[in-house]
Structures are given as structure tokens and as C-alpha cells.
Amino acid sequence: MTKKYDKFLSASADFNLENSPYYWITQVHAQYVQKVDHALKKYGLDHSRRRLLLALKVKPQASVSDLSEMIICKMSTTTKLVYRLKEEGLVNTYCCEHDGRITRVILTDQGQQMTQKINDLSHIVLEKTFEGLTPLQVEKLLENLKHIFKNLVH
């Protein structure tokens, strides 16, 4: 790596945590999770179950392995989340017609209602999150994050 990135690297002699992009990414993410979790507590939900429900909203009838990939979670943990949500009446499961090894997950009516509540609460947090930024600045942030993600994947 060239010296142009030295000030961002922890091994650098003049490193300052304030210059670490990963520090800020994790700080922002942690604050977001904390705010959303606090708001969702009244519904008995947490960050992990919220993510799984929203993933199902985006991809109805997803398999457990699809959900695991979408929420970046181990398969065993995703399975536990699915069955916890099933016990709570928010999702149902069924075996795939074409391959009995695949378990598909669907939102129940109660789960659909919960995703709407989640979206309403998340909207409030999102409004606060981007206060003082223009939509163009948010789009540029997304573009940069996607670029960084692509660099890490390849």
C-alpha cells in the first residue's frame, strides 16, 4: 500500500483514531442499533429480529440460508431467530415443494404489521440520522460505501 493512506492505518506512527474510517463506521452503526433497539423495546423486538423481519419484507418466502446471507448471520443463529419469531407469531415456515431440505419463511399478518411498525420507528431514526445533510450528500455516502464494500469483496 502506498504512503498516501498512512494516516488512516493504525500501524502508522502518526495514527489518530479520529482518522479511521472503520472506527466511524462502527461508531455510527452502534449508535444506530442502540437507537433502533431502544425504540423497538416496546414491541419486544431487538436488532437481530428486526433485521430478519425486514429481510423477509424484501424477499418474501426466503429460505433460512437466504436470510442468513441477507442479515450476515450464521445459519444456526438465523435458524434460532426464525423459530423464536415463529413462537411469537410473526413468521411461519414450510418445506420447499421442490427440495424438502429447504425451509422457507413467510411473514404472518402479525409479522406484516410489525414490519410496518418497525419501518415507522426506523423512519424517525433515519430522519434524525441525516439531519443537516442533503439528499445528494447521502447518495454520495452510499456510493462511497458501496465502492468500499466492492473493494473488500473482491
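Residues numbered from 1 in each chain as written. Predicted model: local features only at pLDDT ≥ 70, side-chain atom pairs only at ≥ 80, totals over all residues. Heavy atoms only, no water.

A. How the structure looks around the pairing of strand 3 (residues 103-107). Across 2 bridges, the pairing between strand 1 (residues 62-63) and strand 3 is antiparallel. Bridge pairing in strand 3 places S63 opposite R104. When strand 2 (residues 91-95) meets strand 3, the two strands line up antiparallel, connected through 5 bridges. The partner of V91 across the bridge, within strand 3, is L107. (Pairing = 2+ DSSP bridges. Helix = DSSP H or I, 4+ residues; strand = E, 2+ residues; numbered from the N terminus.)

B. Looking closely at the nonpolar core. Among the nonpolar cores identified, the biggest contains 24 residues, and L45, L52, L53, L56, L67 and V91 are the most heavily contacted of them. Of all the elements in the fold, those that place two or more residues in this core are helix 1 (21-40), helix 2 (47-58), helix 3 (64-70), helix 4 (75-87), strand 3 and helix 5 (109-129). It is helix 2 that contributes the most residues to this core, 5 residues altogether. In this structure V91 touches L53, L56, V82, L85, K86, V105, I106, L107 and T108, once residues within four positions along its chain are discounted. (Core = buried A, V, L, I, M, F, W, Y, C linked by side-chain atoms within 4.5 Å. Buried < 20%, exposed > 50% of the residue type's maximum accessible area, 1.4 Å probe, protein only. Contact = heavy atoms within 4.5 Å.)

C. Layout of the side chain of T93. Tracing the backbone shows T93 in strand 2. Note on T93: relative accessible area 18%, which makes it buried. Looking at T93, its side chain comes within polar contact range of the side chain of K86, at 2.8 Å. Not counting chain neighbours up to four residues away, the residues in contact with T93 comprise V82, Y83, K86, T103, R104 and V105. (Polar contact = N/O pair within 3.5 Å; in protein donor to acceptor, adjacent residues only side chain to side chain.)

That is the geometry; function is a separate question.
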